Amino acid sequence: MAPSAMRGYFTVDEVRAAEAELFERVADGVPMRRAAYGLADIVAAELRERTGGIAGRSVTLLVGSGDNGGDALWAGSMLRRRGVAVSAVLLSPERAHAEGLAALRRTGGRIRDDLGSPDLVIDGIVGISGRGALRPAAAELVAAVEVPIVSADLPSGVDPNTGAVDGPAVRADVTVSFGAYKPVHALAAPRCGRIELVPIGLELPEPNLAALEPASIGAQWPVPSPVDDKYTQGVTGICAGSATYPGAAVLCTGGAVAATSGMVRYAGTGAAQVLAHFPEVIASQKISETGRVQSWVFGPGAGTDDAARERLSEILATDLPVVVDADGLTLLAAEPALVTGRRAPTVLTPHAGEFARLTGREPGPDRVAAVRALAEDWRVTVLLKGRATLVAAPGREVLVNEAGGSWAATAGSGDVLSGILGALLAAGRDPSWAAAAAARVHALSANLAAHAHGPAGSPVSASPILDHIRPAIQTLRTLAEPA
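About the cut-offs
Residues numbered from 1 in each chain as written. Predicted model: local features only at pLDDT ≥ 70, side-chain atom pairs only at ≥ 80, totals over all residues. Heavy atoms only, no water. Pairing = 2+ DSSP bridges. Helix = DSSP H or I, 4+ residues; strand = E, 2+ residues; numbered from the N terminus. 1 Å grid on protein atoms, 1.4 Å probe; cavity = no way out; pocket = protein on both sides within 12 Å on 5 of 7 lines; lining within 4 Å. Points joined across faces, edges and corners; volume = space filled by probe spheres on them. Nonpolar A, V, L, I, M, F, W, Y, C, P; charged D, E, K, R; others polar. Buried < 20%, exposed > 50% of the residue type's maximum accessible area, 1.4 Å probe, protein only. Right-handed = clockwise from strand over helix to strand, strands pointing away. Contact = heavy atoms within 4.5 Å. Expected span 1.5 Å × (residues − 1). Arc of directions from axis to C-beta. Axes fitted to C-alpha atoms, helices over the stretch in contact; angles between N-to-C directions. Core = buried A, V, L, I, M, F, W, Y, C linked by side-chain atoms within 4.5 Å. Parallel < 35°, antiparallel > 145°, perpendicular 65-115°, else oblique. Left-handed = near helix turned anticlockwise from the far one by under 90°.

A. Main features of the sheet that holds strand β7 (residues 174-178). Here we have seven strands laid out as an open sheet, ordered β4-β3-β2-β5-β6-β7-β8, and parallel in their pairing. Edge positions in the sheet fall to β4 (110-111) and β8 (194-198), since each of these pairs with one other strand and no more. Here strand β2 (residues 58-63) pairs with strand β5 (residues 120-124) via five bridges, running parallel. Across the sheet, residue L61 finds its bridge partner in β5, namely I122.

B. A look at empty space enclosed by the protein. Following the criterion strictly, the structure yields two cavities of 30 Å³ or more and no others. In terms of lining, the largest cavity is formed by A210, A211, L212, I217, L399, V400, N401 and A436. When residues of the lining of the largest cavity are traced back to their parent elements, those giving at least two are β9 (209-212) and β18 (398-402). Tallied by class, the residues present in the lining of the largest cavity amount to seven nonpolar, one polar and no charged. Considered as a void within the structure, the second largest cavity measures approximately 30 Å³ in volume. If you go around the second largest cavity, the residues you meet are V126, G127, G130, R131, G132, L154, P155, S156, G157 and V158. Residues that form the lining of the second largest cavity fall into these classes: four nonpolar, five polar and one charged.

C. Region of the structure containing the pairing of strand β11 (residues 263-267). Burial within β11 is extensive, with five of its five residues counted as buried. Of the two faces of β11, the one holding M263, R265 and A267 and the one holding V264 and Y266 are both buried throughout. For strand β10 (residues 235-239) and β11, the ladder comprises four bridges, and the chain directions are parallel. The partner of G237 across the bridge, within β11, is R265. Crossover connection from β10 via helix α9 (residues 246-258) to parallel β11: handedness right-handed. Handedness of the crossover is the feature at issue here: the chain leaves β11, passes through helix α10 (residues 271-277), returns alongside strand β12 (residues 282-284), and the resulting connection is right-handed.

D. Summary view of the side chain of H185. Locating H185 in the fold gives a position in helix α6 (residues 183-187). For H185, the residues in contact, after removing those within four places along its chain, are Y9, D153, L154, T175, S177, A180, C192 and I195.

E. Representation of the layout of surface pockets. Here the largest pocket defines a volume of roughly 950 Å³. Broken down by secondary-structure element, the contributors of at least two residues to the lining of the largest pocket are α1 (12-25), α2 (30-51), α3 (66-81) and α5 (136-143). No other element matches the five residues that α3 contributes to the lining of the largest pocket. Here the lining of the largest pocket is composed, by residue class, of 18 nonpolar, eleven polar and eleven charged.

F. View of helix α19 (residues 469-480). When the terminal C-alpha atoms of α19 are compared, their 17 Å separation across twelve residues agrees well with the 16 Å that a helix rising 1.5 Å per residue should span. For α19, every residue scored as buried is listed here: I469, A472, I473 and L476. Seen along its axis, α19 keeps its buried residues to an arc of 100°; they face one direction. Looking at the buried side of α19, the elements it contacts are α8 (214-220), α9, α16 (413-426), α17 (431-453) and α18 (462-467).

G. View of the environment of I125. When you line up the elements, I125 lands in the loop between β5 and α5. Taking the C-alpha atoms as reference, I125 lies 9.7 Å from L154; in sequence the two are 29 residues apart.

H. Seen up close, the sheet that holds β11. With respect to topology, eleven strands assemble into an open sheet ordered β1-β9-β18-β17-β16-β15-β14-β13-β10-β11-β12, the strand pairing being mixed. On the outer flanks of this sheet lie β1 (6-9) and β12, each paired with one strand and no other. Sheet twist, expressed as the mean angle between neighbouring strand axes with direction ignored, is 20°. Sheet analysis places strand β13 (residues 295-298) next to strand β14 (residues 322-324), joined by three bridges and oriented parallel. Counted as the bridge partner of F298 is V324 from β14. Where α16 meets the sheet, its contacts fall on β10, β13, β14, β15 (346-348) and β16 (381-384), and the angle it forms with β13 comes to roughly 165°.

I. Region of the structure containing the nonpolar core. Residues L212, W221, I238, L421 and I469 are the most contacted members of the largest nonpolar core, which totals 53 residues. Taken together, the elements giving at least two residues each to this core come down to β9, α9, β11, α10, α16, α17, α18 and α19. The leading source of residues in this core is α17, at eleven residues. Of all hydrophobic cores here, the second largest spans 51 residues; its members include L22, I42, A44 and A188.

J. Geometry of the side chain of S87. For S87, the position within the fold is in strand β3 (residues 85-90). Classification of S87 as buried rests on a relative accessible area of 8%. Beyond its immediate chain neighbours, meaning those up to four positions away, S87 contacts V59, T60, L61, R110 and R112.

K. Representation of the packing of α3 against helix α4 (residues 98-106) in the model. At a minimum axis separation of 8 Å, α3 and α4 run at an interaxial angle of 15°. The angle between α3 and α4 falls in the class roughly parallel. Considering the relative orientation of α3 and α4, their crossing is left-handed. Between α3, through L73, W74, G76, S77 and R80, and α4, the contact on the second element is made entirely by E99, G100, L101, A103, L104 and R106. When the residues that make up the contact of α3 with α4 are grouped by side-chain class, the tally is five nonpolar, three polar and three charged.

Right under this line is the structure:
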């Protein structure tokens, strides 16, 4: 997968190693000045957008110890030169960055003990080396802020590697990341607000955590060529639904149909309901009667009785890619051997509760490590659902998809996702790419559905998501078109 197709996220250790190499190449202080200049530029733009100008506007810096506080102080001095009134609250005066503090004072910046009445606050309390929640004095200041907050590198109090929050922490309107995106920017995006990257010259390794760029998904999404027919585009097999949950069969099958599968074959007791919604689907009662497929999806609403277990076993005995979701995961939790020795591609799609059933433990604060461990232990691809969906496969980078909202947090939504993913596997796509791309399209479809069917930002029922899958795909394909 080409690096240009992905956005990398880098841990504290990876960033620190890159910074150490940068310090060998450039003069002392240059990286901090680059970071501060970028921060000041973004703050100035934010002031213009929110207040109509910058001259005479007021900014308060919340300054911790070390380099992150130094970034804020230097940025404050640069804003002073543009006519902004800048004050700084020093949370550890004896440990404040000396050169940055001197620069602020030279330009007329003030030191004060309270917030004052600023138009905007810069959070320079804790950098990427910090851990844990805000200390009481900082927490009290942050709680009193009633104006937009721009965080330097990350919102203070949020773990840079995991995005975990275990106490008081900043919720930023904008986060300005220096040199590289960090895991926090994907894993705790609601805390970060809009994220802006300021390059400072870091040379970074291949990422261990990355996101597919939307345009690359659009460029690689399977669409029929002039020589394709319904078979060459991929035939998706769906085994889902039951007398108790017939809707799961409809939603899962609908996801595969809408994701441009060449043909969808359905096997199960929900055939009548599926055909009532999608007459183009080929339906049968038994897997053995289904006909040729290039992938299988098993699990949504399928039940967990002996008959369901036999159907899952029959599907896993094939040499085809298989997606296992919902009830299928419950069956695997009771009998992991059904899948752990399998050689064909297998994708498990748990939410946090299903993950706990599979592993005996919650994902915990370090979701990246947790999903990677399950993928390595079981030798499968794992899609761990959440606002930040994670996809792990043995020996590969973990892919993350930040949904941008919780529109898909609704019953049946995961059934749709499984169908989309099955269609991509039937088209021959790599399981990791297919899982991450399916998550992106699913999230975008839910976003479009939510804005079309209700108040912006609210969850939407699963059925309207189906109607917005193809518009979502087209949106991504448009991004991939030459300007």
